[in-house]
Every structure is written in C-alpha cells, then in structure tokens.
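These are the residues of each chain, in order.
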Amino acid sequence: MIVRTLLAACILTAAAAAPLRADPIADGIAALPPSIQDVRTVGAWEKDGHKGTYRIVIDRSGAGPTARLFVQWLERGADGAITVSRNVDIKEMVDLKRNIGDFVVETDADGLSVFLELVDPAAGDAKESYELFIGDDENYRFGPASN
C-alpha cells in the first residue's frame, strides 16, 4: 500500500511539474497590453523582392488619454510565416499629447498615407486634422493637414 501511495504521489508530482501545452496565438493575444486599443492591417508593400502588408498600431494611455502611433511592415515568408520586418514609432505623437479619434489610410506605390483626427484632451477635446506620409524607406512626414 505504501508503494502504491508513493508511486501515485510521484506521478502526480511529475504531472504537476510538466509544462502545459500553450496556444501561442492565444498567449500572444493575452499578452497584449490593454493600452493597445486599435490595430489595422492595410494595403500592400513590395521592396527588393520582399512583400507584405502594413499594420497600424495605436496605443492609448493616461487619464486623457493620449495616443502613440506605430507603423509596421508585416512580411510573409516563403513558408507562409508572417514577421514584423520593420517598425516605426511616430515620435511626434508623444510630444503632441493628443488622442486619435479616427483615421483613414490610403496606400499607393510610394507608401502609406494616414489622415488622422486628433483630439486634444487638455482643450476640451478640440479636434485637429493631421496627416502622415511614410515611404517604404521608413522616412516620414507628419504634421497638420494641408487642406
């Protein structure tokens, strides 16, 4: 009886110590910070034999809240796997301390155009129009809308 009890205890201990089989997609989604509140995959890009789609990621935080804006190049490999090949943080959003109310994205052969409605929480949620033009070389122009 003691041998059976010890054997059962060893089996239960080994089972408890064994790693659980994780679902990497579900685990990745669960690991996203709550401040990531908007993600859109748009358009297509191609450069030097590589191709994929763009992804816009918006992070919102603070009492206002204020937003950060990122542009990513998602690349599909020959095996079908998708990786982030490039990532650009639009740094001016940090200095502006504005939220992003809405945005519209257009793509063409030269890159990506993003038209944004920024909301100023410090000015009673006043709205301003901004635009972002970013090329496949990762250089960008960001500022108040010209029209």
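Residues numbered from 1 in each chain as written. Predicted model: local features only at pLDDT ≥ 70, side-chain atom pairs only at ≥ 80, totals over all residues. Heavy atoms only, no water.

A.B. asks: Give a detailed account of the pattern of salt bridges, specifying residues and quantitative values.
C.D. replies: Here the structure, examined in full by the defined rule, presents 7 salt bridges. The salt bridge partner of Arg86 is Glu138, with a shortest N-O separation of 3.8 Å. Of this pair, Arg86 sits in strand β4 (residues 82-89) while Glu138 sits in the loop between β7 (126-135) and β8 (140-144), placing them 52 residues apart in sequence. Classification of Arg86 by relative accessible area gives buried; the value is 16%. Since its relative accessible area comes to 31%, Glu138 is described here as partly exposed. (Salt bridge = Lys/Arg side-chain N within 4 Å of Asp/Glu carboxyl O. Helix = DSSP H or I, 4+ residues; strand = E, 2+ residues; numbered from the N terminus. Buried < 20%, exposed > 50% of the residue type's maximum accessible area, 1.4 Å probe, protein only.)

A.B. asks: Residue-level account of the environment of Pro144, with values.
C.D. replies: Tracing the backbone shows Pro144 in strand β8. Here the alpha-carbon distance between Pro144 and Tyr130, two residues 14 residues apart in the chain, equals 4.2 Å. Ignoring any residue separated from it by four or fewer positions in sequence, one finds Pro144 in contact with Ser129, Tyr130 and Glu131. (Contact = heavy atoms within 4.5 Å.)

A.B. asks: Give me the side chain of Arg86: which residues, what numbers.
C.D. replies: A distance of 2.2 Å separates a polar side-chain atom of Arg86 from the backbone oxygen of Asp136. Excluding anything up to four places from it in sequence, Arg86 contacts Trp45, Lys47, Val71, Gln72, Trp73, Asp136, Asp137 and Glu138. (Polar contact = N/O pair within 3.5 Å; in protein donor to acceptor, adjacent residues only side chain to side chain.)

A.B. asks: Can you break down unusual backbone geometry residue by residue, with the values?
C.D. replies: Residue Pro65 is reached from Gly64 by a cis peptide bond, and omega for that bond is -15 degrees. Unusually for a residue other than glycine, Asp48 sits at a positive phi of about 50 degrees. Locating Asp48 in the fold gives a position in the loop between β1 (36-47) and β2 (50-61). The backbone phi angle of Lys97 is positive, close to 55 degrees, even though this residue is not glycine. Mapped onto the secondary structure, Lys97 falls in the loop between α3 (92-96) and β5 (99-108).

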